[in-house]
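So the chains spell out like this:
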Amino acid sequence: MSLATRNDMGPVDAPIAPPKVLRQRRVRPGLLGLAVLLIALGGLGAAFAVTSVRATGTYLAVARPVEVGRTLSADDLITVQVAGGQGLRPVPATQLDEVVGRRAAVSLAPGTLLTPAQLTDDPLLGPGQQQLSLDLDPGQVPAKRLHPGDRVLLVSTPSRNANGQSSGSTRFEATVIDTSTPSTSSVVLYVALTARDVPAVVALAAQDRIAVVLTKAA
């Protein structure tokens, strides 16, 4: 007896593995809220930066050189428009009337924005000082132009006594308050010096025995 075999059977499929079930992660409400908050803050920061750059204001700027201690006038200032000037703290143009008449605490250069720190109401006279005016010839002035705040030395020039001997010189420290030129042959110098030195300087000035030396520019 013979056995018959069948060769027409197709390929047998491999067993199908069951699908894997992925475990779903839980989102913590705290982290989700933090993410939303960070996104919101980022948006607000970007909006603030754009607004700061685009914001334009009208402020006061220096139109011409202003020396230390000089009183500001309207001609010394101009109005300019500046974008994003809030961080610089310049003086708004609306405060022009409040600025005119105040003194410059530092030297002001043309084209720079005016800030409150550059202004002062304090007089240049220090404690225990008095103001004195000296009428000088142009050749007696130690610089082409003296400015408020300059430090000068008032030196007494020698005088000959009856015996033909010259007296020694005396020095007085002073600070320039202002200058004026009433004529081409005269320069009036206003200085501040210690009150105890005023009588001696007045006496020397009456004898035309004062020489002015510039020791430190403002």
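Structure shown above.
Residues numbered from 1 in each chain as written. Predicted model: local features only at pLDDT ≥ 70, side-chain atom pairs only at ≥ 80, totals over all residues. Heavy atoms only, no water.

Novice: Quick rundown of the overall build of the chain? Include the residues and the values.
Specialist: Each helix and strand counted, the chain has three helices and nine strands in total. Reading the chain from its N end, one meets helices and strands in the order α-β-β-α-β-β-β-β-β-β-α-β. Residue burial in the chain is summarised as follows: out of 218 residues, 25% are buried. Considering only contacts within the chain whose residues lie at least 6 apart along the sequence, 65% involve residues at least 24 apart. Total accessible area on the chain is roughly 15,500 Å²; 56% of this is exposed by carbon and sulfur atoms. (Helix = DSSP H or I, 4+ residues; strand = E, 2+ residues; numbered from the N terminus. Buried < 20%, exposed > 50% of the residue type's maximum accessible area, 1.4 Å probe, protein only. Contact = heavy atoms within 4.5 Å. Areas by Shrake-Rupley, 256 points an atom, 1.4 Å probe, with all protein chains shown as cover.)

Novice: Describe the pattern of salt bridges, naming the residues involved and giving the relevant values.
Specialist: Applying the stated criterion to the full structure yields three salt bridges. Between aspartate 76 and arginine 64 there is a salt bridge, with the nearest N and O atoms lying 2.5 Å from each other. Taken together, the residues span a long stretch of sequence, with aspartate 76 in the loop between β1 (56-62) and β2 (77-83) and arginine 64 in the loop between β1 and β2 at a distance of twelve residues. The class of aspartate 76 is buried, set by a relative accessible area of 1%. Take arginine 64: its relative accessible area is 38%, and that puts it in the partly exposed class. Here arginine 70 and aspartate 76 are joined by a salt bridge, their closest N and O atoms 2.7 Å apart. What makes arginine 70 partly exposed here is its relative accessible area of 22%. A single network of salt bridges, built from pairs that share partners, joins Arg64, Arg70 and Asp76. (Salt bridge = Lys/Arg side-chain N within 4 Å of Asp/Glu carboxyl O.)

Novice: Quick one: what's the story with the nonpolar core, residue by residue and with numbers?
Specialist: One finds Leu154, Val191, Leu193 and Val201 to be the most contacted residues of the largest nonpolar core, which totals 19 residues. Taken together, the elements giving at least two residues each to this core come down to β5 (129-136), β6 (151-156), β7 (171-183), β8 (186-194), α3 (198-206) and β9 (210-216). Looking at which element gives the most residues to this core, the answer is β8, with four residues. If we skip the residues at most four places from it in the chain, leucine 154 touches Leu134, Thr170, Arg171, Phe172, Ala174, Val191, Leu193, Val201, Ile210, Ala211 and Val212. The next biggest cluster of nonpolar side chains, apart from the first, holds twelve residues, and it includes Val66, Leu72, Leu77 and Ala93. (Core = buried A, V, L, I, M, F, W, Y, C linked by side-chain atoms within 4.5 Å.)

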